[in-house]
Structures are given as C-alpha cells and as structure tokens.
Amino acid sequence: KCVFRSLNTMNFITRLSALCLRKSKMQHRHQSSRRPSVPLGSRILTDPSKVFEHNMWDHMQWSQEEEEDARKKATENSLVKVQSEDQDKYEREASKYWNEFYKTHKNNFFKDRNWLFLEFPEILPEKRSSEHTKINNDNSFSLKNGMFEEGEKYWKKNYGGDSTAVQGYVYNKNQVKALTDNPQGKNCGEELGKPESFPGCDATYRILEVGCGAGNSVFPILKVLCNTPGTFLYCCDFASGAVELVKSHSSYNSAWCSAFVHDVCDDALPYPFPDEILDVILLVFVLSTIHPDRMQGVVNRLAKLLKPGGMLLFRDYGRHDTAQLRFKKGHCLSENFYVRGDGTRVYFFTKDEVWNMFNLAGLTEVQNLVDRRLQVNRKKKVKMQRVWIQSKFQKPLLSLHNPEETTKRHPCK
C-alpha cells in the first residue's frame, strides 16, 4: 500500500506540475496559432484589431455595459411566455421533437467532441506506468525534474503530507484505505460469489454518457477505450432515433459499448446495470433540455449510479449566452428556459445553480467555471459572446456529507 500511495502521488504531482508549467507560459501564447489545451484554453485577445485572426478567443471579460445589455435583452425576450397548453405539449412530446431532429439531421448536425479529453481527462483510465499520456496524438505531458519539484511544493502546501492521489483525485489516508480495501466500489453487502450479469459486468472501469445523441462523444471515446482492456462505455438517449444512429455506426461494438433508450426523468425506469458501479458520468449539453422542475431529480438519480470517488463531468449553456439573447419574444417557457423553432428546449445556467444541484445530490465540487469565449465568423465579420458552464463533481469516498449543509445556498462569487 505504501508503494501504491507513492506511485499515485507521484502521478498526480506530475500532472499538476505540467498544469503549473502551462499556466506560467500562458502570457507567451496569446497570439499563437496553436490552440493551448486546458483549462478552457488560453488564447487571449489582447489586440482588438486582430479579433478575426482566429475563430475563438478564450477567457473573455465582459464590461459592465455588456453585462447590462445582455440582461436587458434576456428580460425583453422573456416578456411574452408560451401559452400553458403549448408548454404542456412540449413537455409531454419532448422525445418526439428530438426524434424528428435526428431524423432530419442524422449525425451531420454536431461535430465530434475531440476536445473532451483535454477538458475532461478524467474520462480516461489512469495510465500509471506511462511517462507520457498522449491525447489524440497531439498533446502530451512531459515529465521533467524541474516540473516535478514545482508540483511537489504545491502538493505539500495545499494537501499536506498524509494525502495521496488515486485516479487523479486527492484523498486522505483513511479514504485511501477505504478505496484499496474496496477497489471496485462494490456495495458492502454484495455477495461476491453471486455476480450479476449485465452489459459491461466484467469491466473494471465504466463510463456513462447521458444524452448521447448521434454519438459525437461516444465514438471519440470508443476510439481510445477499444485499446484499453477492462473499460466499458454505456450511452443513452430518450430519442430512439438517436440510439439507432449510434448502433448503426461502423465503430459501434457491443463488446465495449452498450447504447440504450432511456428517459432520465423517469425515476422508476431501471438502468441496465446496478447502482454505484460507474467511474465517470458525462453530462454534456443535456441537462439544459430538461424542464427546470425535474433537473434535481435527474441529478439525484445519476449520483446514485457513481462509485464512491466517481466523477460527474458537466458542460452546458451559461446565462446570457448568445443563443439565449437571440430568442425572439414568444419563445420563453419560464425564466431562462426557452423553446426553439423545432420544439426542442434549452435552459441557460449560472454556476451557482449548477453547484446547488450537484451539492444537494451529495457530490463535492472539483471544478465549477464560467467559460466565456468570443466566437467569430471571419467571413461575415460577426462576433458572438458565448457563455458555457463547465464543472466536475465527485462522489465522496466516505459518508462525510451533512444533509443539513445541503440546504444552504452556495455563496455567490
């Protein structure tokens, strides 16, 4: 166990050191044509005259005037609400509208999310014995003595000497003992002699993507997982047409992936696997499609699927994103919740709303960021202010969650 702790601590410090090194070099990369990796990129617009040199600029700071203008537009386009009978129809027939969407667009509407591995490296199982973790063959972390020393200083300062890292997460010695004694995250009452049979039951590392759509996250992930023994990917969508698109794809293989139709809003609907077996849940541009009154129930149910120590990775639309401000009057369902022309719906979050939902579900914050970017159309000379929320929440290894604390709002920052 001492060797286990030492090796995992070194791995974590190494990645932390690489991140520190990238941050220290950010100021030298602002005008680079090469897209830096994480967190949330570092292509900073320092010269407004060069705004159309790239399609996207990171970490945009809004002026007070821009903030006020965005609030004004959101208020104006929400003055006229959709009639209640139509709202009921959009809720009742939500799957129909998404099925029509995928029938029309097939898998041609969204691009493959190859950025997932940069922003969410937790998707990948830990490669402890490798000196280089390569992502999409274009990005790698180099292990250098100077970097390691820098990361070790940061580790000792922030986590102390009795902490260690397991699969990239920081735990104290008691939590690590719980993990090493129960490595597969099994329920204590589970009879080891009677394993259940379900898709992926033999895997040791399991991922679920909720709202898989046509597979724009599924197939980039499978491209990596198919070469990683012991891994398995589940993916679901409540639009049967989307699931059929995934299953009919040439890269789909039931040996390491199971795609199924599922309505995450239906608490009584069972998943095709037991609770507390997932290492990662991917929730990307999905929660925003669900009615705000049902979001908490969805998050609570998903949290039960995670192993202790498992991660939920979230990315979705942020408050006052260009997509929200472009809505015309008559498309607003409720505050910050809209219906598009094709009948699909979308909500626009704040990071405090996100924190509250996942905290109430018993998960702890690892990352919770507002991602503000400037997207430009260089041909048409159009600028668009994009706002997304990107978050990572972890299920505690031990039952340290105090239910009374969940009733307290996260202080606004």
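As recorded in an unreviewed UniProt entry, the chain goes by the name METL2 protein, listed as coming from Notiomystis cincta. The annotation that UniProt attaches to the chain under Sequence similarities (unreviewed entry) is "Belongs to the methyltransferase superfamily. METL family."

Turning our eyes to something else, we now look at the overall build of the chain. Helix and strand counts for the chain come out as 12 helices and 15 strands. Looking at the chain residue by residue over its 413 residues, the buried ones come to 45%. For the chain, the exposed area adds up to about 21600 Å²; of that, 49% sits on carbon and sulfur atoms.

With that settled, consider helix H4 (residues 94–105). In an α-helix, one turn spans 3.6 residues, which is why side chains three or four residues apart end up on the same side. The end-to-end C-alpha distance of H4 is 17 Å, a good match for the 16 Å that 12 residues give at a rise of 1.5 Å each. Along H4, the residues classified as buried are Ala94, Tyr97, Trp98, Phe101 and Tyr102. End-on view of H4: buried residues confined to an arc of 135 degrees, all on one side of the axis. Exposed side chains of H4 directed beyond 90 degrees from the buried face belong to Lys103 and Thr104. Its buried side turned inward, H4 meets helix H3 (84–92), strand E7 (231–237), helix H9 (240–247) and strand E13 (345–347).

Attention now goes to the pairing of strand E10 (residues 306–317). Most of E10 is tucked away: 11 of the 12 residues are buried. Bridge analysis of strand E9 (residues 278–284) against E10 gives six bridges, and the strand direction is parallel. Each residue of the ladder has a partner; that of Ile281, found in E10, is Leu312.

The subject of this paragraph is the pattern of salt bridges. In this structure the tally under the stated criterion is 15 salt bridges. Between Glu122 and Lys392 there is a salt bridge, and its shortest N-O distance comes to 3.0 Å. Linking Glu122 in the loop between helix H5 (116–119) and strand E2 (134–135) with Lys392 in strand E15 (residues 382–394), this pair joins segments that are 270 residues apart in sequence. Assigned by exposure class, Glu122 and Lys392 land together as buried. A single network of salt bridges, built from pairs that share partners, joins Glu91, Arg294 and Arg345.

On to the sheet that holds E10, then. Within a sheet, neighbouring strands are paired by backbone hydrogen bonds and run either parallel or antiparallel to one another. Spatial ordering of the open sheet is given by E1-E14-E15-E10-E9-E6-E7-E8, a layout of eight strands whose pairing is mixed. Single-partner strands in this sheet number two, and they are strand E1 (56–57) and strand E8 (257–261).

Turning our eyes to something else, we now look at the side chain of Asp279. Among the structural elements, Asp279 can be located in strand E9. Residue Asp279 is classed as buried on the basis of its relative accessible area, which comes to 7%. At 3.3 Å, the side chain of Asp279 and the side chain of Lys307 are in polar contact.

Further remarks concern the sheet that holds strand E12 (residues 337–339). In space, the three strands of this open sheet follow the order E11-E12-E13, with antiparallel pairing throughout. What marks the edges here is a single partner per strand, and that holds for strand E11 (332–334) and E13. Each strand axis lies, on average, 30 degrees off the axis of its neighbour in the sheet, ignoring direction.

The subject of this paragraph is unusual backbone geometry. Phi at Asn336 takes a positive value of approximately 65 degrees, unusual for a residue other than glycine. Tracing the chain through its elements places Asn336 in the loop between E11 and E12. The exposure class of Asn336 is buried, given its relative accessible area of 9%. Despite not being glycine, Lys381 has its phi angle at roughly 60 degrees, a positive value. Position of Lys381 relative to the elements: it lies in the loop between strand E14 (364–377) and E15.

Parameters at a glance
Every chain's residues receive numbers from 1 upward, in the order its sequence appears when written. Local features in a predicted model are, by the rule used here, given only for residues with pLDDT of at least 70; side-chain atom pairs are given and counted only at 80 or more, and totals for whole chains, interfaces and linings are based on all residues. Only hydrogens and water are removed before side-chain values are computed, so all heavy atoms of the structure are retained for them. UniProt positions are given in the numbering used here, feature names are shortened, and annotations may be inferred rather than shown by experiment. Strands are runs of DSSP state E lasting at least two residues, helices are runs of H or I lasting at least four, and both sets are numbered from the N terminus onward. Exposed residues in this analysis have more than 50% of their type's maximum accessible area, buried residues have under 20%, and partly exposed residues fall in between, with area computed by a 1.4 Å probe over protein chains only. Methods summary: accessible areas were calculated by the Shrake-Rupley approach with a probe of 1.4 Å, and residue burial reflects only the protein chains presented. For a helix, the expected span equals 1.5 Å multiplied by the number of residues minus one. Regarding the arc, it is the one traced by the directions from the helix axis to the C-beta atoms. By definition in these notes, contact holds between two residues if any of their heavy atoms fall within 4.5 Å. Paired strands, in this sense, are two strands between which DSSP finds at least two bridges. Put simply, a salt bridge is a Lys or Arg side-chain nitrogen that is within 4 Å of an Asp or Glu carboxyl oxygen. In the analysis that follows, any N or O atom pair within 3.5 Å is treated as a polar contact, provided that within protein one partner can donate a hydrogen and the other can accept it, and provided that, for residues neighboring in sequence, both atoms belong to side chains. Fitting a line to C-alpha atoms yields each axis, with helices limited to the stretch in contact; the angle taken between N-to-C directions then spans 0 to 180 degrees.

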